[in-house]
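Structural features, examined
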Amino acid sequence: TWHLKKIPQIVRERTFSLDSPKFEAKTQLELNSVCGIECQRKLPVPSLSDLKSLLSYETVFENGTRTLTEVNVLGAVPDPAANTTTRRPLRKKRQIYGTDSRFSIYDKRFMTNFPFNTAVKISTGCSGILVSPKHVLTAAHCLHNGKDYVKGSKRLRVGLMKTKSRGNGRKRKGTSDGMPSFQWTRVKSTHIPKGWFKGVSGDIALDYDYAVLELKRPHKRKYMELGISPTIKMMPGSMIHFSGFDNDRSGQLVYRFCSISDESNDLFYQYCDAEPGSTGSGIYLRLKEPNKKKWKRKIIAVYSGHQWVDINGEQQDYNVAVRITPLKYAQICFWIHGNDENCTQG
């Protein structure tokens, strides 16, 4: 079952105007030389002043203007079991591990219904997930390379799935039944935590590879709620699920589930089969609600993608996801609601 946790408060302190970004960075769907499992083990627990800096955030608006919001963090409790991981044997480069266990979703009844209809396509080439009638959760690196915003993010759009119709009984050229097409919506604003920026962390901090997009127009679809990621031990079968738009299966929604192999305080390491294009997907769990017989799905991480990490001086690869910790839950919830009143329990 889901266990409720008391959430720390993220409080807005000051907002400054910044220069407009250049929007000249190249989209990078695979990141190199990020802090891996060995490196994560050695990281100190962030102090309160560190957290205030890492969780402050930039907002970019549709007209290209940009602001920086400084925050205060109230009620944060350091995790005593920070950055504990389990050693695993080193592996060679693979993105599909053994037999390809991904499922392409063709059936319209599945594709246009919950939970698959919560998956969206980002115009920079990534995936994302609907988290409110107006908000999408995705990976920060889909929009920003740590120094500047990527070229395609100036006129950012989000594609919501719709199945292609024949129209007057005639099949339109280039369409096929069961393949999704997209209803594209402009993005009104984008929030990215300062922890993602190289100037703050000294290098790309994978722990903060998440962003929230506010859509210009609300949609009427069912979206997925946020949850706080449990430890592997508290996860049923340690099983996670996610859907996205993998580049090697063009025009298809691809679903997969797998178990998590390793964890740090902020990251999950897993061997889910995934190709570029699925990065930014919302990773969710299926658990029972307390005192109810129904299953409940909640997003507990953001898929950051296939990453090269430095382990014992060697470059190794993993599929990595950013966990939604109580602090990140507070921040993402604050971005969605604009206040912390709706974000006291997670």
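Located above this text is the structure these notes cover.
Calculation rules
- Residues numbered from 1 in each chain as written.
- Predicted model: local features only at pLDDT ≥ 70, side-chain atom pairs only at ≥ 80, totals over all residues.
- Heavy atoms only, no water.
- Salt bridge = Lys/Arg side-chain N within 4 Å of Asp/Glu carboxyl O.
- Helix = DSSP H or I, 4+ residues; strand = E, 2+ residues; numbered from the N terminus.
- Buried < 20%, exposed > 50% of the residue type's maximum accessible area, 1.4 Å probe, protein only.
- Phe/Tyr/Trp six-rings, centres within 6.5 Å; stacked < 30°, edge-to-face > 60°.
- Lys NZ or Arg CZ within 6 Å of the ring centre and 35° of its normal.
- Disulfide = S-S within 2.5 Å.

On to the pattern of salt bridges, then. Tallying each qualifying case throughout the model produces eight salt bridges. Across the pair arginine 14 and glutamate 70 runs a salt bridge whose closest N-O atoms are separated by 2.7 Å. Of this pair, arginine 14 sits in strand E1 (residues 9-18) while glutamate 70 sits in strand E3 (residues 66-74); the two residues are 56 residues apart in sequence, bridging distant segments of the chain. In this structure arginine 14 comes out as partly exposed when scored by relative accessible area, which is 48%. The exposure class of glutamate 70 is partly exposed, given its relative accessible area of 23%. Here arginine 66 and glutamate 58 are joined by a salt bridge, their closest N and O atoms 3.2 Å apart. Of the residues examined, arginine 66 reaches a relative accessible area of 18% and is grouped as buried. Sharing partners across several salt bridges, the network here consists of Glu62, Arg186 and Lys216.

Attention now moves to the packing of aromatic side chains. The final tally for this structure, using the stated rule, is nine aromatic pairs. Look at phenylalanine 242 and tyrosine 303: their rings are 4.8 Å apart centre to centre, the planes differ by 35°, and that puts the pair in the tilted class. Taken together, the residues phenylalanine 242 in strand E12 (residues 239-244) and tyrosine 303 in strand E16 (residues 295-311) connect sequence positions 61 residues apart. An aromatic cluster of three or more residues is present, and its members are Tyr57, Tyr208, Tyr210 and Trp335. Cation over ring: arginine 157 sits above tryptophan 184, and NZ or CZ is 4.7 Å from the ring centre.

Glancing now at the state of the cysteines. This structure, assessed with the given rule, holds one disulfide. Residue cysteine 126 pairs covalently with cysteine 142 via a disulfide, S to S 2.1 Å. Taking the sign of the torsion about the S-S bond as the criterion, the disulfide between cysteine 126 and cysteine 142, at about -95°, is left-handed. Of this pair, cysteine 126 sits in the loop between strand E5 (119-122) and strand E6 (127-130) while cysteine 142 sits in the loop between strand E7 (135-138) and strand E8 (157-163), and the two are 16 residues apart along the sequence. The residues cysteine 126 and cysteine 142 share a single accessibility class, namely buried.

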